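Survey of secondary and tertiary structure
What follows is the residue order along each chain.
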Amino acid sequence: MAVKDVLLALTTYPDPTPVSAVEEAIAFASAVGAQISAIACAVEIRAPGSFLADMVMDIQAMAAAESRKSATNAESLLTAFRDAAEKQGVFQDRILDRCLKPEVPELLVEYARLRDLTIVPLPEGDNVEQWCAEAIIFGSGRPTLIIPQPRRRADSFALDTVLIAWDFSRPASRAVADATPILQKAKRVTVITITNEKVIETPRSGAELAKHLARHGVQVALDTVDAEGRAIGDVLRSCVASRNADLLVMGAYGHSRVRDFIMGGATKSMIAQPPLPILLSH
């Protein structure tokens, strides 16, 4: 199924999503032939009241001011998004919602479940945004595109070179299936299999994947890279840099512990420090 309905998750508090990330998300939608909507949540900040705190400073007034700040950021971002998306001819909808700060991830998951793909701009080292990204990746049932901020490259989003991190696993297979409409629009696609890192169940997986993608009009090059004792995240970063890749497609690994997801090493590493836009599926 083609990617036609894309959602951009915008952050309004404490710092708003950079306009550059909005523009990159719009460029992605244009590149894949999709329409794009954006959601921004005006978060309500509730401060625990206490007589002593109110004697020293007006905590409730401070919380109200922060809530207004979030609402202002939401309106400003959605206006900038609409103007830029309409200019590119890809605007679909702008969504303004309201909720408490801890409720934001679940709200985004609900909207993401009803879209082909959700884009999450991800500032490096921002634990709050990583929390939202993880919730969408593991809770939406749909692919998630994380976009690093600030952007590592000066040029705009392109689909010249796409890498697939392939290990014959269920998450990797799901990611390839979700990414196929995007791969069809790429100029070059390379399947990277990392050896001496984990046991791959069959030696034929890369060749068979190439045949499968060729039936969908995607011609790929197969490549193997020796881990040489390096962490998987470091190997992937090296592959991305050496091939000047525009997009990485990979499975998201994790298992549930009650409602929390414990991420696999590669997933955790790449989300914490994404070197380029990464499409993840779980």
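The notes below deal with the structure included here. As the structure is a prediction and not an experimental result, all values here were calculated from the model.

Let's shift gears to the nonpolar core. Among the nonpolar cores identified, the biggest contains 44 residues, and I36 and I119 are the most heavily contacted of them. Residues contacting I119, with those up to four places away along its chain left out, are V6, L7, L8, A9, A25, F28, I36, L145 and I147. Counting 42 residues, the second-largest nonpolar core is a separate cluster that includes C132, A133, F138 and A227.

Another aspect to go through is the pattern of salt bridges. Evaluated as defined, the whole model comprises 10 salt bridges. Between D178 and R174 there is a salt bridge, with its nearest N and O atoms 3.0 Å apart. Taken as a pair, D178 and R174 lie in helix α6 (residues 170-183) at a separation of 4 residues, close to a single helical turn. The class of D178 is buried, set by a relative accessible area of 17%. For the salt bridge of D234 with R237, the shortest nitrogen-to-oxygen distance reads 4.0 Å. Here D234 pairs with R237, and both are found in helix α8 (residues 232-242), just 3 residues apart, close to one helical turn. A relative accessible area of 42% places D234 in the partly exposed class.

Take the sheet that holds strand β8 (residues 220-226) next. Taken together, the 10 strands give an open sheet; going across it, the order is β3-β2-β1-β4-β5-β12-β9-β6-β7-β8, and neighbouring strands pair in mixed fashion. This sheet does not close on itself; its edge strands, each paired only once, are β3 (91-100) and β8. Pairwise comparison of adjacent strand axes, ignoring direction, gives a mean angle of 25 degrees for this sheet. As paired strands, strand β1 (residues 5-10) and strand β4 (residues 117-123) are joined by 3 bridges and run parallel to one another. Its bridge partner being in β4, V6 is matched across the sheet by L117.

Attention shifts here to the packing of α8 against helix α9 (residues 265-272). Their axes nearest at 8 Å, the elements α8 and α9 cross at an angle of 55 degrees. Relative to α9, α8 is oriented oblique. Of the two possible hands of crossing, α8 and α9 adopt the one that is right-handed. In this structure, α8 uses I232, G233, L236 and R237 to contact α9, whose residues at the interface are G265, A266, S269 and M270.

Turning our attention to the packing of helix α1 (residues 19-32) against helix α3 (residues 59-88). It is the contact of α1 with α3, at a shortest axis distance of 10 Å, that shows an interaxial angle of 35 degrees. You can see that α1 and α3 cross each other, and the crossing is right-handed. Where α1 approaches α3, its residues V22, I26 and S30 are matched on the opposing element by L77, F81, A84, A85 and Q88. When its residues are assigned to classes, the contact of α1 with α3 shows 6 nonpolar, 2 polar and no charged.

Rules behind the numbers
- Residues numbered from 1 in each chain as written.
- Predicted model: local features only at pLDDT ≥ 70, side-chain atom pairs only at ≥ 80, totals over all residues.
- Heavy atoms only, no water.
- Core = buried A, V, L, I, M, F, W, Y, C linked by side-chain atoms within 4.5 Å.
- Buried < 20%, exposed > 50% of the residue type's maximum accessible area, 1.4 Å probe, protein only.
- Contact = heavy atoms within 4.5 Å.
- Salt bridge = Lys/Arg side-chain N within 4 Å of Asp/Glu carboxyl O.
- Helix = DSSP H or I, 4+ residues; strand = E, 2+ residues; numbered from the N terminus.
- Pairing = 2+ DSSP bridges.
- Axes fitted to C-alpha atoms, helices over the stretch in contact; angles between N-to-C directions.
- Parallel < 35°, antiparallel > 145°, perpendicular 65-115°, else oblique.
- Left-handed = near helix turned anticlockwise from the far one by under 90°.
- Nonpolar A, V, L, I, M, F, W, Y, C, P; charged D, E, K, R; others polar.

Any functional reading would require information beyond the geometric quantities listed.
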